[in-house]
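Listed below are the residues making up each chain.
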Amino acid sequence: NAGVTQTPKFQVLKTGQSMTLQCAQDMNHEYMSWYRQDPGMGLRLIHYSVGAGITDQGEVPNGYNVSRSTTEDFPLRLLSAAPSQTSVYFCASSYSGVQPQHFGDGTRLSIL
Amino acid sequence: KNEVEQSPQNLTAQEGEFITINCSYSVGISALHWLQQHPGGGIVSLFMLSSGKKKHGRLIATINIQEKHSSLHITASHPRDSAVYICAVRRNNDMRFGAGTRLTVKP
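Keep in mind that this is a model prediction, so the values were computed, not measured.

### Topic: the packing of aromatic side chains
Residue and element names in this part refer to chain A.
Here is step 1 of the chain: Under the definition given, this model contains 4 aromatic pairs over all chains.
Here is step 2 of the chain: For the ring pair Tyr35 and Phe103, a centre distance of 6.0 Å and an interplane angle of 35° mean the geometry is tilted. Highlighted residues: Tyr35 in strand β4 (residues 31-38) and Phe103 in strand β10 (residues 102-103), separated in sequence by 68 residues. Accessibility assignment for this pair places Tyr35 and Phe103 in one class, buried.
Here is step 3 of the chain: For the pair Tyr64 and Tyr89, a centre-to-centre distance of 5.9 Å together with 65° between the ring planes defines the contact as edge-to-face. Here Tyr64, found in strand β7 (residues 64-66), pairs with Tyr89, found in strand β9 (residues 87-94); they are 25 residues apart in sequence, far enough to count as distant.
Here is step 4 of the chain: Judged by its relative accessible area of 4%, Tyr64 falls in the buried class.
Here is step 5 of the chain: Accessibility expressed as a relative area gives 0% for Tyr89, which makes it buried.

Right under this line is the structure:
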């Protein structure tokens, strides 16, 4: 099993560009989530999904969209990139919201 | 004030020492997680607790729900334990994280 796969690993964008961070898991997990990690601030929840067709906002959702059309995939879309979105992004999944999470390797995103 | 506070922020130990990392939280939770982030950036889940104590190898995690406090202990520490240890609390489907404790174990 591959676990949780995030692509790309690194990306540089210009302000105003849009892009999609991909996240896929092959463990048939219902719960998936996106986090951002900034120096000195720890991880913060952006959006999460408890199953296909269901998404909800976390602590810092502004500027990001998600969708969950399949159990396996949970892409994160930046609509119009801003320098404040420069961060490391982690995707995670678990069987349910109260089970240990499996994390992807992260995407390091820089917005110029 | 952060909902999840960890102490210490940084910790340096000699190989073989007993390590304790503390986590305090201010909200009702359904579970508490301890995570390990390796120097390369990868994150691994160590424990998930809702009560009592769990042990895995040289790692022990405890939680006191009434006092809203958890501790992560490492016995016989080793340089390969050097990492950032992160406490996280779950409320329904929301997760809140501490800022992490950077542990360095010197040989």
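Having seen the model, we can carry on.
### Notes on unusual backbone geometry
Here is step 1 of the chain: Of the consecutive residues Thr7 of chain A and Pro8 of chain A, the connecting peptide bond is found in the cis state with omega at -5°.
Here is step 2 of the chain: Mapped onto the secondary structure, Pro8 of chain A falls in the loop between β1 (4-7) and β2 (10-13).
Here is step 3 of the chain: The step from Ser7 of chain B to Pro8 of chain B runs through a cis peptide bond, and the omega angle for that step is -5°.
Here is step 4 of the chain: Position of Pro8 of chain B among the secondary structure elements: in the loop between β1 (4-7) and β2 (10-14).
Here is step 5 of the chain: At Asn28 of chain A, a position not held by glycine, the phi torsion is positive, near 60°.
Here is step 6 of the chain: Turning to its location among the elements, Asn28 of chain A is positioned in the loop between β3 (19-25) and β4.
Here is step 7 of the chain: Given the relative accessible area of 53%, Asn28 of chain A is considered exposed.
Here is step 8 of the chain: Residue Lys68 of chain B is not a glycine yet carries a positive backbone phi of 55°.
Here is step 9 of the chain: Following the sequence through the fold, Lys68 of chain B ends up in the loop between β7 (59-64) and β8 (69-74).

### Concerning the side chain of Asp38 of chain A
Residues and elements named next belong to chain A.
Here is step 1 of the chain: Structurally, Asp38 is set in strand β4.
Here is step 2 of the chain: Side chain to side chain, Asp38 and Ser87 meet in a polar contact 2.8 Å long.
Here is step 3 of the chain: Those residues within four positions of Asp38 in sequence are excluded, and the remaining contacts are Arg44, Thr86 and Ser87.

### Description of the sheet that holds β1 of chain A
Backbone hydrogen bonds are what pair the strands of a sheet, in a parallel or an antiparallel way.
Residues and elements named next belong to chain A.
Here is step 1 of the chain: Taken together, 4 strands build an open sheet; the order of strands is β1-β3-β8-β7 and the sheet is antiparallel. In this open sheet, the two edge strands, each paired with only one partner strand, are β1 and β7. Between one strand and the next, the sheet's axes are offset by a mean angle of 20°, whatever the strand orientation.
Here is step 2 of the chain: Taken together, the 4 bridges between β1 and β3 define a ladder with antiparallel strand orientation. From the neighbouring strand, Gln6 faces β3, where its bridge partner is Cys23.

### Focus on the state of the cysteines
Here is step 1 of the chain: Throughout the structure, instances matching the rule amount to 2 disulfides over all chains.
Here is step 2 of the chain: Across the disulfide, Cys23 of chain A is cross-linked to Cys91 of chain A (sulfur-sulfur distance 1.8 Å). Judged by the torsion about the S-S bond (-70°), the Cys23 of chain A/Cys91 of chain A disulfide is left-handed. Of this pair, Cys23 of chain A sits in strand β3 while Cys91 of chain A sits in strand β9, and the two are 68 residues apart along the sequence. Take Cys23 of chain A and Cys91 of chain A: they sit in the same class, and that class is buried.
Here is step 3 of the chain: Across the disulfide, Cys23 of chain B is cross-linked to Cys87 of chain B (sulfur-sulfur distance 1.9 Å). Taking the torsion about the S-S bond as the criterion, the Cys23 of chain B to Cys87 of chain B disulfide, at about -65°, is left-handed. Within this pair, whereas Cys23 of chain B is found in strand β3 (residues 19-25), its partner Cys87 of chain B is found in strand β9 (residues 83-91), the two being separated by 64 residues in sequence.

What counts as what
For every chain, the first residue of the written sequence is number 1, and numbering continues from 1 along that sequence. Chain letters start at A and ligand numbers start at 1, both assigned in the order the entries are written. Owing to the predicted nature of the model, reporting of local features is limited to residues with pLDDT of at least 70; listing and counting of side-chain atom pairs is limited to 80 or more, with chain, interface and lining totals taken over all residues. Based on all heavy atoms of the structure, the side-chain values leave hydrogens and waters out of the count. Side-chain rings of Phe, Tyr and Trp, where Trp is taken by its six-membered ring, are said to pair if the distance between their centres is within 6.5 Å; with planes under 30 degrees apart they count as stacked, over 60 as edge-to-face, and otherwise as tilted. Numbering goes from the N terminus for both helices and strands, where a helix is a DSSP run of H or I of at least four residues and a strand is a run of E of at least two. Accessible area is worked out with a 1.4 Å probe on protein chains only. A residue is then buried under 20% of its type maximum, exposed over 50%, and partly exposed in between. Pairs of N or O atoms are called polar contacts if they sit within 3.5 Å, as long as, within protein, a hydrogen donor faces a hydrogen acceptor (for residues adjacent in sequence, only side-chain-to-side-chain pairs). Two residues form a contact once any of their heavy atoms are found within 4.5 Å. We treat two strands as partners when DSSP finds at least two bridges between them. For helices, the axis comes from a line fit to the C-alpha atoms of the stretch in contact; other axes are also lines fit to C-alpha atoms, and the angle between any two N-to-C directions lies between 0 and 180 degrees. Here, a disulfide means two cysteine sulfur atoms that sit within 2.5 Å of each other.

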